[in-house]
Amino acid sequence: MRAGHVLVVEDDDAIRKLLVEYLREHAPLRVDSARDGAEALHRVATARYDVIVLDLLMPYMSGVDVLSSLTVLNADREAIPAVFIVTGASAEDVPADTLERNFGRFVRGVFRKPVELEILAKCVEEALRKEPEDLPR
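Residues numbered from 1 in each chain as written. Predicted model: local features only at pLDDT ≥ 70, side-chain atom pairs only at ≥ 80, totals over all residues. Heavy atoms only, no water.

Student: Go over the pairing of strand E4 (residues 82-87) with me, naming the residues and quoting the values.
Tutor: The buried fraction of E4 is high, at six of six residues. Covered by surrounding structure in E4 are Ala82, Phe84 and Val86 together with Val83, Ile85 and Thr87, the residues of both alternating faces. Bridge count for strand E3 (residues 51-55) against E4 is five bridges, and the pairing is parallel. Counterpart to valine 53 in the pairing with E4 is phenylalanine 84. Chirality of the crossover, the property in question, places the unit of E3, helix H3 (residues 63-73) and E4 among those that are right-handed. (Buried < 20%, exposed > 50% of the residue type's maximum accessible area, 1.4 Å probe, protein only. Helix = DSSP H or I, 4+ residues; strand = E, 2+ residues; numbered from the N terminus. Pairing = 2+ DSSP bridges. Right-handed = clockwise from strand over helix to strand, strands pointing away.)

Listed below in structure tokens is the structure:
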């Protein structure tokens, strides 16, 4: 697995810290974090991330808003981040297939809270095993 740079975007401090610490302990990653979508976009504009773990329901700017902005920011880039959605919303309220259909260039999976950390970490590792050009767009 190649080394990777991951951004965790989560407004809940406890969940954000848990995700960051777990990912750092279980894979050779550089892991940054952001409290909301606006901070996340600032980070994405100033650094390249291989993977983004993104909460959907956040104040100020939702995860869907972040995905829409990523679409614009990465319109002409070859290497784009793989995004794993983390949400407390039910499958009925936020269907995974809708997210994957609308943001298929980015979204690689949807995890419902409480998140199974081991499975999320394995998905992040799998995304990092692939070279950016091997990831579906």
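Further notes follow.
Student: Give me the packing of helix H2 (residues 37-46) against H3: which residues, what numbers.
Tutor: The interhelical angle for the contact between H2 and H3, taken along N-to-C directions, is 20 degrees, at an axis separation of 10 Å. When the axes of H2 and H3 are compared, the pair comes out roughly parallel. At the point where H2 passes H3, the crossing takes the right-handed sense. Contacts from Gly37, Leu41 and Val44 of H2 reach H3 at Val66, Ser69, Leu70 and Leu73. Here the contact of H2 with H3 is built from residues that sort into five nonpolar, two polar and no charged. (Axes fitted to C-alpha atoms, helices over the stretch in contact; angles between N-to-C directions. Parallel < 35°, antiparallel > 145°, perpendicular 65-115°, else oblique. Left-handed = near helix turned anticlockwise from the far one by under 90°. Contact = heavy atoms within 4.5 Å. Nonpolar A, V, L, I, M, F, W, Y, C, P; charged D, E, K, R; others polar.)

Student: Outline the pattern of salt bridges, supporting the account with residue identities and numerical values.
Tutor: Applying the stated criterion across every chain yields a total of eight salt bridges. Two residues, lysine 113 and aspartate 55, come together in a salt bridge whose shortest N-O distance is 3.5 Å. Here lysine 113 is found in the loop between strand E5 (107-112) and helix H5 (117-129), whereas its partner aspartate 55 is found in strand E3, with 58 residues between them in sequence. Between glutamate 125 and arginine 129 there is a salt bridge, with the nearest N and O atoms lying 3.8 Å from each other. With a gap of four residues between them, glutamate 125 and arginine 129 both fall in helix H5, about one helical turn apart. (Salt bridge = Lys/Arg side-chain N within 4 Å of Asp/Glu carboxyl O.)

Student: Could you give an account of H2, with specific residues and numbers?
Tutor: When H2 is considered as a whole, its buried residues turn out to be Gly37, Ala40, Leu41 and Val44. Buried residues of H2, viewed axially, fall in a sector of 95 degrees; they line one side. Seen from the buried face of H2, the exposed residues on the opposite side, beyond 90 degrees, are His42 and Thr46. Elements that come into contact with the buried residues of H2 comprise strand E1 (4-9), strand E2 (29-34), E3 and H3. Its side-chain oxygen placed 3.1 Å from the backbone nitrogen of alanine 38, aspartate 36 serves as the N-cap of H2. (Arc of directions from axis to C-beta. Polar contact = N/O pair within 3.5 Å; in protein donor to acceptor, adjacent residues only side chain to side chain.)

Student: Report on the pairing of E2, specifying residues and quantitative values.
Tutor: Pairing geometry for E1 and E2, over six bridges, is parallel. Paired with valine 8 across the bridge in E2 is serine 33. Taken together, E1, helix H1 (residues 13-26) and E2 constitute a β-α-β crossover, and its handedness is right-handed.

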